[in-house]
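Summary of structural features
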Amino acid sequence: MNALRSTGVSPLAAAGAFLVLLVASALPLQPGSAQRAAPVEAPQTQPEIPEPKRPKPVTERPVTPETTIPEAKELFADEVYENQFELTEGYSSGREDGDGGLTQPPEAVTTDEAITFVDTRQEAFALAIGPEGRVFALDAAGNIFLWSNTRRDFLEFEGELARMAVGPDGTLWGVNSLGRVFFFDGKRWSQVRGEVASDIDVNRNGDVVLARDDELIERLDQDLNRFVVEAGPSGLQVALFSDGSLVTIHEGNLVYRCEDGTCIGLDRRAKSLSIGPDDSLFIVDTGGRLLRSTDRGESFTFIPTLGRTVRRVAVGPNGFPWVVTVDDEVLSSRFFARDESGDTLVRLAAAGNTVGTGKTGGVISTQQTGSITFNRTLRFDTFRSENDRFSTMIDLVVGNDGGVYIAGSQLLGFTIAIDKFDERRRRFVNIDYPFPDDVARFDVEEDGTTFWGIHTQAPVEIYRARNGGASVTTYSVPDSTGSGSDIALDHDGNVYAVVGERVYVKTRSSAQFRLFSNEQIRTIAFGMDENIWITDGGNIVLRFDGKRYVSPVRRETKVGGVAVAVDGSVFVIAGDDNGNPKLFRWNASNRSFDGIRNTTPDLIDVADDGELWFTQGLDVKRARNR
């Protein structure tokens, strides 16, 4: 997959139709190399556009399904409750009063108790709480967890997200690191095709809103069965009151309340907000203090948080909040009693994934951070070349076949050899060297027997070798100047070569390489579809936003290599405060790179499911946890 690596669901109508049926039927929840050559002037040749990509299947990770209206079941309780929820004006699952009308449900009544916190002794990056009290958490990598009162712990849940919200019918809604929108129906994750967002929220009536990275707000129109842009409101974070009015945070951290298309400033700056099922509004101000309003933002009171500085807040039944501190500590003001007997079944049976396909967007944080932070430590397995015979490590590749390969100079003979990792024997083993000459970079097709390599010296030659070198085809790169520095395949088998800091491509149907991009590019890495990351002539990391390459962080960051996985994981090599190389993982939730403390990498690549590999001297390391 190399550092130079590439990288439905039915219309929204189906998502809207799904919600209507679900509410009526009571469904509560339930790729790696390094430095490149110097810049040269790009020619005016028109770049060739590769054929449309056909996503490569991910091993043991089924593709995101088409949205369908699933069978309604109660998966987080022992029995089915028919027609527990009805879409009516006001809170739809309330109890009947003596006259047959609806009163507020218990969880929609604001507590008159003092709000005091306890330390759960658990860690998280963000939280989401449903009206009935289910507490979900995301870690810094986007992994999902469900709180268990019984175990006093967070339990793993299928999927990876950057933003999350929990509906009253038990559905989970979320936005992944690429901005794609998903929902979980109690059985599986499904993508809402055509939608990208920066934030998402669901109120106690099941109304759903999205905040886009251009600050436009979209609301799910259940009559039209699709999301539509709202006139008036704007923001990067959003939270809903029960009557459908909303509160937003803009990029400058300004807080606004919007009702009937009219927005007014609340004279507050915040980096996180949440509205509970009782319509109490909580914000975390830019100083990390937790503030509460019970009058829709007209006034706020300070809520103590055990002396900790708060990063994020989520509000549950009766207006009791949970918070995450800047040190990732999870504090709770109330553990919400509920039936947890079905949780394990749903967690273990959850299907689908949160990778998705189609267009991408930016998940923009209002947290005030720098471009790079150090906050993670990983554990690794360490391997060496067969018989420890390499004197220099040249390349590390995760091929389109899923295999992990290393190339290096041998101690004896100074020739280049290639090893492939044998998972059964848990070691690298030598394979036949397929190329007629030394290559600096290579990649492997999905069949595992076709290798592509680039000979770096001008005039550049590119080799396609099959069956251990029994069949070799040599390609030149017309109109190219300079040395070759990298080669990679995307997930459709199109071949990209970097020559003189310009990228050339040979599609499956073409006979030769043609110019792909006039940009000055040193490395390029492909995830799925248009999730493309590059380093430019100045080693600045940039991301393709659908139109152009832009910095994913507020301050431009120099890196020495970039690798992207199908699941959206992005890793880079960058310098720490002392200029030493370190590994960093892209954190879409915080719009920054999280440093991995115990690493000094030389080469990186990443498997389709986000499994990280890197070299450190002559050691090859694989992360045990992400």
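Since we're looking at a predicted model, the values are computed, not measured. Think of each chain on its own: its residues are numbered from 1, step by step along the sequence as written. Predicted model: local features are reported for residues with pLDDT of at least 70 only, side-chain atom pairs are reported and counted for 80 or more only, and whole-chain, interface and lining totals are derived from all residues. Hydrogens and water molecules were not included; the side-chain quantities draw on all heavy atoms of the structure.

1. Regarding the side chain of Ser551
- Here Ser551 is to be found in the loop between strand S41 (549-550) and strand S42 (561-564).
- Contacts are residue-level and defined by heavy atoms, with any inter-residue pair within 4.5 Å sufficient. With sequence-adjacent residues up to four places away left out, Ser551 is seen in contact with Val541, Leu542, Glu556 and Arg591. What counts as a helix is a DSSP run of H or I of at least four residues, what counts as a strand is a run of E of at least two, and both are numbered from the N terminus.

2. As for the nonpolar core
- Residue types Ala, Val, Leu, Ile, Met, Phe, Trp, Tyr and Cys, when buried and joined through side-chain atoms within 4.5 Å, form a set referred to as a nonpolar core. Per-residue accessibility, obtained with a 1.4 Å probe over protein chains only, is compared with the maximum for each type, and a residue is labelled buried under 20%, exposed over 50%, and partly exposed between these values. Of all hydrophobic cores here, the largest spans 29 residues; its most connected members are Trp173, Val181, Ile200, Trp533 and Phe593.
- Every element with two or more residues in this core is listed here: strand S7 (172-175), strand S8 (180-184), strand S10 (199-202), strand S11 (208-211), S42, strand S43 (570-575) and strand S44 (581-587).
- Looking at this core, the element that brings in the most residues is S43, giving three residues.
- Counting 18 residues, the second largest nonpolar core, distinct from the first, contains Leu161, Met164, Leu172 and Trp189.

3. Observations concerning the sheet that holds strand S46 (residues 603-606)
- Pairing between strands is defined by DSSP: at least two bridges between them are needed. Within the open sheet, the four strands sit side by side as S25-S48-S47-S46. Their pairing is antiparallel. Whereas interior strands pair on both sides, the edge strands pair on one side only; in this sheet they are strand S25 (380-383) and S46. When the angles between neighbouring strand axes are averaged without regard to direction, this sheet yields 20°.
- Bridge count between S46 and strand S47 (residues 612-616): four bridges; the pairing is antiparallel. To obtain an axis, a line is fitted to C-alpha atoms, over the contacting stretch when the element is a helix, and the angle between two such axes runs from 0 to 180 degrees between their N-to-C directions.

4. Concerning the sheet that holds strand S4 (residues 143-148)
- Spatial strand order, S2-S3-S4-S5: four strands in an open sheet with antiparallel pairing. Only two strands of the sheet have a single neighbouring strand rather than two, namely strand S2 (126-129) and strand S5 (153-160). Averaged over all neighbouring strand pairs, the angle between strand axes comes to 30°, with direction disregarded.

5. Digging into the side chain of Arg347
- On the secondary structure map, Arg347 appears in helix H2 (residues 343-349).
- A residue counts as positive if it is Lys or Arg and as negative if it is Asp or Glu; His and the chain ends are not included. We count a salt bridge whenever a side-chain nitrogen from Lys or Arg sits within 4 Å of a carboxyl oxygen from Asp or Glu. Glu156 provides the closest opposite charge to the buried, unpaired Arg347, separated from it by 6.4 Å.
- In the analysis that follows, any N or O atom pair within 3.5 Å is treated as a polar contact, provided that within protein one partner can donate a hydrogen and the other can accept it, and provided that, for residues neighboring in sequence, both atoms belong to side chains. Within the structure, the side chain of Arg347 is placed 2.8 Å from the backbone oxygen of Glu156, a separation counted as a polar contact.

6. Some words on the pattern of salt bridges
- Considering all chains together, one arrives at 27 salt bridges under this definition.
- Notably, a salt bridge pairs Arg427 with Glu386, separated by 3.5 Å at the nearest N-O pair. A residue pair is termed long-range when its members are at least 10 positions apart, and Arg427 in strand S29 (residues 427-431) and Glu386 in the loop between S25 and strand S26 (390-398) qualify at 41 residues.
- Sharing partners across several salt bridges, the network here consists of Asp243, Arg257, Glu259, Arg296 and Glu298.

7. Observations concerning the packing of aromatic side chains
- A pair of Phe, Tyr and Trp rings is counted when the ring centres sit within 6.5 Å of each other, with Trp represented by its six-membered ring. The angle between the planes then sorts it: under 30 degrees is stacked, over 60 is edge-to-face, the rest tilted. Inspection of every chain in the model, using the stated rule, returns 31 aromatic pairs.
- Where Trp173 meets Phe183, the ring centres are 5.4 Å apart and the plane angle is 40°; that geometry is what we call tilted. One end of the pair, Trp173, is in strand S7; the other, Phe183, is in strand S8, with ten residues separating them in the sequence. Of the two residues, Trp173 and Phe183, both sit in the buried class.

8. Quick notes on the pairing of S10
- Neither face of S10 is exposed, since Asp199 and Asp201 on one face and Ile200 and Val202 on the opposite face are all buried.
- As judged from the four bridges shared by S10 and S11, these two strands associate in the antiparallel manner. Directly across from Asp201, in S11, lies its bridge partner Val209.
- Between S10 and S11, which pair antiparallel and follow one another directly, the connecting turn spans five residues, one of which, Gly206, has a positive phi of 90°.

9. Notes on the environment of Val202
- By the element assignment, Val202 lies in strand S10.
- The sequence separation of Val202 and Gly130 amounts to 72 residues, and the corresponding C-alpha distance is 8.9 Å.

10. Some remarks on the state of the cysteines
- Note on terminology: disulfide denotes any pair of cysteine sulfur atoms within 2.5 Å. Applying the stated criterion to the full structure yields one disulfide.
- Across a sulfur-sulfur distance of 2.1 Å, Cys258 and Cys263 are joined as a disulfide pair. Its S-S torsion of approximately 110° makes the covalent link between Cys258 and Cys263 right-handed.
- We classify Cys263 as partly exposed; its relative accessible area is 28%.

11. Remarks on the confidence of the model for the protein
- The pLDDT score gives, residue by residue, the confidence of the prediction method on a 0 to 100 scale. On average, residues of the protein carry a pLDDT of 80, and 80% of them reach 70 or more.
- Counting interchain partners and residues more than four positions distant, the pLDDT-below-50 stretch residues 3-102 has 321 contacts.

12. Quick notes on the pairing of strand S45 (residues 592-596)
- Among the five residues of S45, five are classified as buried, and the element is accordingly described as predominantly covered.
- Bridge analysis of S44 against S45 gives five bridges, and the strand direction is antiparallel. If you follow Phe584 over to S45, its bridge partner there is Gly595.

13. Digging into the environment of Arg426
- Looking at the secondary structure, you find Arg426 in the loop between strand S28 (416-422) and S29.
- Through-space distance from the C-alpha of Arg426 to that of Phe383 is 8.3 Å; in sequence the pair is 43 residues apart.
- Ignoring sequence-local partners within four residues, the contact set of Arg426 consists of Asp381, Phe383, Phe421 and Arg622.

14. Notes on unusual backbone geometry
- In this model, Ala458 is joined to Pro459 through a cis peptide bond whose omega is -10°.
- Assignment of secondary structure puts Pro459 in the loop between strand S31 (450-455) and strand S32 (461-466).
- With a phi close to 70°, Asp279 is a non-glycine residue in the positive phi region.
- The class for Asp279 is buried, based on a relative accessible area of 17%.
- Positive phi values are uncommon outside glycine, yet Asn467 reaches one of about 50°.
- Here Asn467 is to be found in the loop between S32 and strand S33 (471-476).

15. Section: the environment of Val472
- Summarising the element assignment, Val472 is placed in strand S33.
- The spatial distance from the C-alpha of Val472 to the C-alpha of Pro436 is 7.8 Å, given a sequence separation of 36 residues.
- Aside from chain neighbours lying at most four places away, what touches Val472 is Pro434, Pro436, Tyr463, Arg464 and Ala465.

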